[in-house]
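Below, each chain spelled out in residue letters.
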Amino acid sequence: MKFKSGSKRPVQVYEKDLIDYWKKNHIFERSVDERPADNSYVFYDGPPFITGVPHYGTLLSSIVKDAMPRYWTMKGKRVERVWGWDCHGLPAEVFTEKKLGIKDKRDVYKIGLEKYINTCRANMVQTGGEWEEIIDRIGRWVDFKGAYRTMDKDYMESVWWAFKKLYDEGKIYEGEKVLLYCTRDATPLSKAEVAMDNSYQDSVDPSVYVKFKLKNRDSYLLAWTTTPWTLLANTAVAVNPKLDYVEVEVGKQRFVLAKSLVKVALTDDKHKTIDYKLIREFKGKELVGEAYEPLFEAQKSDKAHKVYAADYVTVDEGTGVVHLAPAYGEEDYELAKKEGLPIVSNIDDNGFYKSGEWEGKLVWDCNKDIANKLYKDGSVWKISYVTHSYPHCYRCGTKLMYRAHPSWFMRIDSQRSQMLEVNSQINWFPEHFKEGRFEYIVKTAPDWNISRDRFWATAMPVWKGVDGKGKEHIKVVGSYAELKELSGKELEDYHRPWVDDITFKIDNVVYKRIDKVMDCWFESGSMPFAQFHYPFENQAKFEENFPGDFIAEYVGQVRAWFYYLHSISTGLFNKSAFKNVIVTGTVAGNDGRKMSKSFSNFTDPSELINLYSADALRFLLLSSPLLNGEDFSLKDKDVADVYRKLSMIWNMYDFFTLYASVDGWEWDGKLTDPSQGLSNPLDKWIVSRIHQLISDVDRDMQSYNIAQALKPVFDFIDDASNWYVRRSRKRFWKTENDTDKDNAYKTLHYILVKLSLVLAPFTPFLAEELYKQLTGQLSVHLCDWPESGHTNEILTSEMKVVRELVTQGLSIRATSGLKVRQPLGSASLVLPFEVTELDAEELKKIVAEELNIKDVSYKAGKDASIKLDLNITDGLRLEGLARELIRQVQNARKEANLNVDDRINLAIESGDKQIADSLRRYSEIIKHETLAKTINDQKSYSFKTKVKIEDRYVEIKLGKA
């Protein structure tokens, strides 16, 4: 194969061209099909919400999901990669409601559920194009055409099957708990949904100190709350029986509160403690059982409006006295259930009061009004305002409430030990997530609320009927065939409202479907089997390839998708859904804050990629702290820096093709290890370095440590470009030793091709372009991972020390103000090894040439060091001028657009005696280095330039010989 100078293409050209090339030649499909089906590597792609738009966070996940499958494909595995769409749930509904102008759930019924569902479906079909374009642009290979969608009929049937199986095994139940609830969407949410993206926002609320008048004495229990709206549902008060309480007199009033909080609670507007008189001190247990006068409507129950004992009451804040509204507090609700307290639910599904003075008003709009009214009535001692972090809906942004709500739950507590055991078999990277965050989540997770009071999701396959005696019966359906057998009906679409219309009769009991739908996270967690329509189809394929080998997402998914996959898989199969998982950190803007258009703290991904290449962005993200689970600020200059470093590869390619085209050097088509036929230590060393790189990257990729795998790449590129190529330049154009020149070509070609193979999973465009240009073969992505070959560790170690000594020497020169072109007389080295692999004369030659030293000596010692003789003799000064003249002539050759092998006639004119002496003494060296046939022979010259050397002006003339 011949090589052509100037064949390098701009990265902006070849990246876009290769996208089309891969599609036209079906390279992705071939990379999968050419691997044996019985040697698969299973990758699960977490489905993004189809309503979202690609951003750096999703690009990061996609890049990781591309690099690891590419690597395992090169290791001989068959890695099928199918895209998935999360089409259901609040994200999709909020997206649709914005288009339809819907303000809250009630409006859905006004426009009609059928229209609403059809609009949701249409939106899901129309919004995928932008994703495919950017995913292609970053070089990710994934099957979009075969993508699974959670809204598809087959997928939903698999979800039905999973629900029924878990229900039949007693792992799903119906109940009522206090849950986080969105009043706009009129549905409960799970804590994981809110915590996943830290959907807490600062909220300013009234800080109210409420007075509950004790019936048996002239004292008030002083309670503190930031949710005055819940006071209308108050049915009891709680204290901690073990804590110390006091009764104090403030003015003409007596208050009861925790002793340790007196100076915190009894303060004025300037937060200074007010005067009070201590009446008595006692334990909280003395208060238990005492009755108080209700603030609003009294409850008929004899258990209402009394003081109860509760160990969860603390003195971290407030007063040590907690007002209980069991319908709107988790711990309040549990205590009410235990003690038989009445539970007042006075707010409708949309957050509006159902009765009383504030009937028809939204609770959040009444918060301040209620506080002020109670203050005027004398039931509130004081009001202030606090800013605190409060949960909001992660999709619509509405302030959430805690609310007792009937729902369906998956039992977590009953399988918690299995989930912990299964987790012990998973390889987590970074490892600390395994026994850290994820284990904690599993240990502390409540039963999972899997039902939603919404519309666009998999309908819960639960039908209920009531017999003549008033007894409720439940029928859970696990397939469409089972539903047909029960009802005689079959549907094209099993979404609401059509599935709602199906009823059936069993033993004279008519069954109707409950109007709840599945949590979309239950659907996402079902993807390992639901994407195959298991168990209705593809049973062998799923069972042979389960659990999956690899998943990856950002840290927020540890408590979301990773957890839900784990919960469902443990419940159904007593296995983990995945064997290996990479957890990435969160991409922040260039100022360290969350990426936001309002902050203007990031460049649009497409713009950044077009400027610096997709490969540069990929490499930066993959090598960043993000791959260690840490957050990372994405700065354009960092992408630019990676782009510059990667371009060093193309500088080597340009150098190689330039001289190969001049010499007519051809590659024989065989990529064999050239080590055995090499004699030059530089060749042996750089071949050892590429073998070392292959081995190191392979080792770290096996352990899913991508950032560590990429760590040595730039070191190698620096070694190859700034050491091997630079030190070998003369070998490519001198003709004294044809064998040495041929070995130099073979070696440089070999390491560049091997480098393309190593980079293929990480920078697929660069690797492909480099490989195709150097081999003429179809694709680097159809190749196997390269064999590492022999690494001469002694040679690489010795060369590393030599480079360090050269760096020390350059530092000494720089400190002394001596340019490298100025020769020095001598240098002495101390080497921490006996020279073995690196020939002693070669070692001295390297140091002498790199540091421009006339004589180099060395001796053995403990630590490597170098000492330079900095005395400049007249002879050394003249030689330094000669080298400066050579540099200026070489620059003139470039300005004159001469080819590297063009011979020239040269003239150097100056009135300076030292320049003349230098030119006379070193004329032969100057001629040799600049390819000059003559110097100052009165020839005709086509190019002239005047330069300054130190404080001397010199005119340079040259022309082709």
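Going by the structure above, here's the rest.
Scope of this entry: the structure provided in the associated data block.

### As for the sheet that holds strand β31 (residues 932-935)
The 4 strands lie next to each other as β31-β30-β33-β32, forming an open sheet whose pairing is mixed. A single partner strand is all that each edge strand has here, and the edge strands are β31 and β32 (943-949). Here the average twist between neighbouring strands, direction ignored, is 25°. Relative to β31, strand β30 (residues 904-909) runs parallel, the two sharing 3 bridges.

### Digging into the pattern of salt bridges
Think of it this way: side chains of opposite charge can pair up when their charged atoms draw near. This model, assessed by the stated rule, comprises 81 salt bridges. Of the charged contacts, one joins Arg 593 and Asp 591 as a salt bridge, the two residues approaching to 2.9 Å between their closest N and O atoms. The class for Asp 591 is partly exposed, based on a relative accessible area of 36%. With its nearest N and O atoms 2.9 Å apart, the salt bridge here joins Arg 727 to Glu 850.

### Here's the deal with the sheet that holds strand β15 (residues 427-429)
Hydrogen bonds between backbone atoms are what pair the strands of a sheet, whose relative direction is either parallel or antiparallel. Ordered in space as β15-β24-β23, the 3 strands form an open sheet in which the pairing is parallel. Each edge of the open sheet is held by one strand with a lone partner, namely β15 and β23 (548-554). When the angles between neighbouring strand axes are averaged without regard to direction, this sheet yields 15°. Note: β15 against strand β24 (residues 578-584), 3 bridges, orientation parallel. Across the sheet, Asn 427 pairs through a bridge with Asn 580, a residue of β24.

### Some thoughts on the side chain of Glu 247
Here Glu 247 is to be found in strand β8 (residues 244-250). For Glu 247, a relative accessible area of 5% puts it in the buried group. Once you skip the residues sitting within four places of it in the chain, Glu 247 turns out to touch Arg 217, Ser 219, Arg 254, Phe 255, Val 256, Lys 277, Leu 278, Ile 279, Arg 280 and Phe 282.

What counts and how
- By convention here, each chain's residues receive numbers from 1 onward along its written sequence.
- At least 70 in pLDDT is required for a residue's local features to be given in this predicted model, at least 80 for side-chain atom pairs to be given and counted, and no such filter applies to totals for whole chains, interfaces and linings, which use all residues.
- In computing side-chain values, all of the structure's heavy atoms are included and hydrogens and water are not.
- By this definition, two strands are paired if DSSP reports at least two bridges between them.
- Every helix listed is a DSSP run of H or I at least four residues long, and every strand listed is a run of E at least two residues long, numbered separately from the N terminus.
- Lines fitted to the C-alpha atoms define the axes, with helices restricted to the stretch that makes contact. Angles between their N-to-C directions range from 0 to 180 degrees.
- Whenever Lys or Arg places a side-chain nitrogen within 4 Å of a carboxyl oxygen from Asp or Glu, that contact is recorded as a salt bridge.
- Per-residue accessibility, obtained with a 1.4 Å probe over protein chains only, is compared with the maximum for each type, and a residue is labelled buried under 20%, exposed over 50%, and partly exposed between these values.
- Working rule for contacts: check all heavy atoms of both residues, and any pair within 4.5 Å makes them a contact.

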